[in-house]
Amino acid sequence: MNDSLMNHRVWTLIFALVISFALPNPGAASSTGFAVDGEEWPGFWFVCEFSQRQRAPDDGCKMFDDEGFQLAEGRLRYIRMLGSTETACRGNKKGQCFSANMPKIRISRTDRGKLSLGDKQFKVSYFGCTQIYYFADTPAYREIWPDKKRCFWASKRRFYIAPYQGSVTITD
């Protein structure tokens, strides 16, 4: 795997961010935003498929990328949806996305560092460097962006994520 692809993958893995472990009713969008429960963001959060590095999704996050995050138990975990057969993904890449209203999914997850959640920011400590990320809610997704002072593993990329509402089976 070339260095550029590996760096992108590491960044996406480290951050495409977020989620808690399988809860029957993960944090749903409301007029006050998405749930934050102490040191967790309830549920499993996936990157909006039709967002780009610095651009919000144009579909209201109705389609998820197969990569996302869990923020729970003081850890940031990269998650990946397994077994997608979706064909309507960006760039016509079969299986690299799934519909946000899919009733159940299987995921794998990998630890990506120590997590410390704050009111409108959180910190991830990974490979000896602590990165600050800020976040803000819209009715359809949560936007996340890094502080200007970035760790070597962090890019300028913004993440547009939303909680998955269906049933989750974890395959670690």
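In what follows, the structure referred to is the one given above.
A brief look at the structure comes next. (Residues numbered from 1 in each chain as written. Predicted model: local features only at pLDDT ≥ 70, side-chain atom pairs only at ≥ 80, totals over all residues. Heavy atoms only, no water.)

1. Some words on the state of the cysteines
Such a bond, covalent and formed between the sulfur atoms of two cysteines, is termed a disulfide. Rule in force here: Only a pair of cysteine sulfur atoms within 2.5 Å counts as a disulfide in this structure description. For the purposes of this entry, the term helix denotes a DSSP run of H or I that reaches at least four residues, the term strand denotes a run of E that reaches at least two, and both are numbered from the N terminus. Between buried and exposed lies partly exposed: a residue is buried under 20% and exposed over 50% of the maximum accessible area for its type, with that area taken using a 1.4 Å probe on protein chains only.
Under the counting rule described, the total for this entry stands at 3 disulfides. A sulfur-sulfur separation of 2.0 Å characterises the disulfide bridge that pairs C48 with C61. Measuring handedness by torsion sign, the sulfur bridge of C48 and C61 sits at about -100° and is left-handed. Taken together, the residues C48 in strand β1 (residues 41–48) and C61 in the loop between β1 and β2 (63–72) connect sequence positions 13 residues apart. On the accessibility criterion, C48 (1% relative accessible area) is buried.

2. Details of the packing of aromatic side chains
Short version of the rule: Two aromatic rings, drawn from Phe, Tyr or Trp (for Trp, its six-membered ring), form a pair once their centres lie within 6.5 Å of each other, and the interplanar angle then sorts them: stacked below 30 degrees, edge-to-face above 60, tilted otherwise. By the criterion adopted, a ring carries a charge over it if an Arg CZ or a Lys NZ lies within 6 Å of its centre and within 35 degrees of its normal.
One pass over the full model with this rule turns up 16 aromatic pairs. Residues W41 and W45 carry aromatic rings whose centres are separated by 5.4 Å and whose planes lie at 55° to one another, so their mutual orientation is tilted. The residues W41 and W45 share a single accessibility class, namely buried. Aromatic ring contacts, followed pair by pair, group W41, W45, F122, Y133 and F135 into a single cluster. The ring of W41 carries the charged tip of R142 above its face, separated from the ring centre by 4.2 Å.

3. Describing the pattern of salt bridges
Put simply, the rule is: We count a salt bridge whenever a side-chain nitrogen from Lys or Arg sits within 4 Å of a carboxyl oxygen from Asp or Glu.
Within the structure shown, the criterion is met by 6 salt bridges. E67 is the partner of R80 in a salt bridge, and the nearest nitrogen-oxygen pair spans 3.2 Å. Highlighted residues: R80 in strand β3 (residues 75–82) and E67 in strand β2, separated in sequence by 13 residues. By relative accessible area, R80 is classed as partly exposed at 21%.

4. Thoughts on the pairing of strand β7 (residues 129–137)
The side chains of a regular strand alternate between the sheet's two faces. Test applied: Two strands are said to pair when DSSP picks up at least two bridges between them.
Sheet topology note: the strand β6 (residues 121–126)/β7 ladder contains 6 bridges and is antiparallel. Looking across to β7, one finds that K123 is bridged to I132. In the sheet, β7 pairs with strand β8 (residues 142–146) via 5 bridges, with the strands oriented antiparallel. Looking at β8, one finds that D137 is bridged to R142.

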